[in-house]
Amino acid sequence: MADAAVSGTRTTQRVLVAADKFKGSLTAVEVAERVTAGLRRVLADLEVEALPVADGGDGTVAAAVAAGFERREVRVAGPVGGEVTAAFALRDGTAVVEMAEASGLQRLPAGVFAPLTASTYGSGELLRAALDAGARTIVFGVGGSATTDGGAGMLSALGARFLDADGEPVPPGGGGLAALATADLSGLDPRLTEVELVLASDVDNPLTGPKGAPAVYGPQKGASPDDVAVLDTALAHFAKVLEGPAGPKAAEYAASPGAGAAGGIGYGALLLGARFRPGIEVMLDVLGFAPALARATLVITGEGSLDEQTLHGKAPAGVAAAARARGIEVVAVCGRLALPPEALGHAGIRRAYALSALEPDPAKSMAQAGPLLERVAESIARDFLT
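Residues numbered from 1 in each chain as written. Predicted model: local features only at pLDDT ≥ 70, side-chain atom pairs only at ≥ 80, totals over all residues. Heavy atoms only, no water.

## What about the pattern of salt bridges?
Right, so step 1: This model, assessed by the stated rule, comprises 24 salt bridges.
Right, so step 2: A salt bridge links Asp-58 to Lys-21; its shortest N-O distance comes to 3.9 Å. Of this pair, Asp-58 sits in the loop between strand S2 (47-50) and helix H2 (60-66) while Lys-21 sits in the loop between strand S1 (14-17) and helix H1 (28-42), and the two are 37 residues apart along the sequence. The residues Asp-58 and Lys-21 share a single accessibility class, namely buried. (Salt bridge = Lys/Arg side-chain N within 4 Å of Asp/Glu carboxyl O. Helix = DSSP H or I, 4+ residues; strand = E, 2+ residues; numbered from the N terminus. Buried < 20%, exposed > 50% of the residue type's maximum accessible area, 1.4 Å probe, protein only.)

Have a look at this one:
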């Protein structure tokens, strides 16, 4: 049973549900709703606070809206050109912008990849919309991208010009950067110098090389080995040409942690003066996690798959670390568990409950994720709260 008296004066048990989405089956909001329902089947009067979380990737805007931000929608270019309706979140001068809303894999036609030509232009339009809305701080969550263009499309939407030897704009996408001859950053939106731009990502890869964006993440976006080689060379050339208008920092940023995030859009953000921070840390600050944690006696976190990636900056690890620092017990829920108990313990997670333990068939588990999660939450209530 969890210790109900974390402070000397509080004896009422209060559960904080701070979980990420179960990708492909439940949003973070739905995870919180299902966990709450299951807990209250066992303890009808239990105090439960829901704070859906995200680490900067897809679902980040939804988490901000669930925390009280206003949802704003705008029409922007999708990764392969057609317009899409994308959203950002705004509250008290702080905007949460999710690049996947404009340039994510989910914006591609079903079964279609465009590793060489997908562009981040729409992400730049989203940033511009946040500026138009009066944002003074922009949290730029990156992840889940369909693109590997080093942020060139984003920079173009914000006023940069990338020209070939004939003075014509280079084609969209990372592949087109091979033809880049000159880069002009003088037309960048001047408001960018007046805002705090935070690059929020769980990825610390550099722009190019064996650990760079094309090599590590290109295959997830449909890039063949030949495509990866083309993209890596093109992005290296991009950074070299940018040494003209940007100076030595162009090369420094290319080697910096986070430059390779979301197909290199991290590099473009760093050129704009962004400060790189682990996505989950930024989002916990923005969402008001600290005061919610102070009210909790038990924290339930989780995501679709608890695995090695979880330990490297994903939402559950960030939540558990913050809770452990305050001496508050943490349990996790997940669809699939691929971590041994000792790894969970080192991460600050007392126990993990997987849907696969109730339904081993992955397709059925995903289809029935909601009811299964409620059953898991009932077990947590019995094991930790009664």
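## Considerations on the packing of H1 against helix H15 (residues 369-384)
Right, so step 1: As a packed pair, H1 and H15 sit with axes 7 Å apart at the nearest point and diverge in direction by 45 degrees. The orientation of H1 with respect to H15, classified from their angle, is oblique. Read as a crossing pair, H1 and H15 show a hand that is right-handed. Residues Val-31, Arg-34, Val-35, Ala-37, Gly-38, Leu-39, Arg-41 and Val-42 of H1 lie in contact with H15, whose contacting residues are Gly-370, Pro-371, Leu-373, Glu-374, Ala-377, Glu-378, Ile-380, Ala-381 and Arg-382.
Right, so step 2: For the contact of H1 with H15, the residue count by class is 10 nonpolar, 2 polar and 5 charged. (Axes fitted to C-alpha atoms, helices over the stretch in contact; angles between N-to-C directions. Parallel < 35°, antiparallel > 145°, perpendicular 65-115°, else oblique. Left-handed = near helix turned anticlockwise from the far one by under 90°. Contact = heavy atoms within 4.5 Å. Nonpolar A, V, L, I, M, F, W, Y, C, P; charged D, E, K, R; others polar.)

## Re the sheet that holds S1
Each strand in a sheet pairs with another by means of backbone hydrogen bonds, the pair being arranged parallel or else antiparallel.
Right, so step 1: Taking strand neighbours across the sheet as the criterion, the 5 strands line up as S2-S1-S11-S12-S13 in an open arrangement whose pairing is parallel. The strands lining the two open edges of the sheet, one partner per strand, are S2 and strand S13 (351-354). Within this sheet the neighbouring strands show an average axis-to-axis angle of 25 degrees, counted without direction.
Right, so step 2: Bridging between S1 and strand S11 (residues 298-306) involves 3 bridges; their strand directions are parallel. Along S11, the bridge assignment pairs Val-17 with Ile-300.
Right, so step 3: Sitting on the sheet, helix H12 (residues 315-325) touches S11 and strand S12 (329-337), and the angle it makes with S11 is about 160 degrees. (Pairing = 2+ DSSP bridges.)

## Re the packing of aromatic side chains
Right, so step 1: Under the counting rule described, the total for this entry stands at 2 aromatic pairs.
Right, so step 2: For the pair Phe-162 and Phe-238, a centre-to-centre distance of 5.4 Å together with 70 degrees between the ring planes defines the contact as edge-to-face. Linking Phe-162 in strand S7 (residues 161-163) with Phe-238 in helix H7 (residues 225-246), this pair joins segments that are 76 residues apart in sequence. With respect to class, Phe-162 is no different from Phe-238; both count as buried.
Right, so step 3: Among the aromatic residues, those joined into a cluster by ring pairs are Phe-162, Phe-238 and Tyr-267. (Phe/Tyr/Trp six-rings, centres within 6.5 Å; stacked < 30°, edge-to-face > 60°.)

## Description of H12
Right, so step 1: For H12, every residue scored as buried is listed here: Ala-315, Pro-316, Ala-317, Gly-318, Val-319, Ala-320 and Ala-323.
Right, so step 2: Those residues of H12 that are buried are in contact with helix H10 (279-287), helix H11 (289-294), S11, S12 and helix H13 (341-347).

## Some words on the sheet that holds strand S3 (residues 70-77)
Right, so step 1: Read from one edge of the open sheet, 6 strands run S3-S4-S5-S6-S9-S10, paired in mixed fashion. The sheet terminates laterally at S3 and strand S10 (275-278), the two strands that pair on one side only. Adjacent strand axes in the sheet meet at a mean angle of 30 degrees when their direction is disregarded.
Right, so step 2: Pairing between strand S9 (residues 196-201) and S10: 4 bridges, direction parallel. Bridge assignment links Leu-199 to a residue of S10, and that residue is Phe-276.
Right, so step 3: Its contacts with the sheet place helix H4 (residues 121-132) against S3, strand S4 (83-91), strand S5 (94-98), strand S6 (137-141) and S9, and it is angled at close to 140 degrees to S3.
Right, so step 4: Of the strands in this sheet, S4, S5, S6, S9 and S10 touch H10, which is tilted by about 90 degrees from S10.

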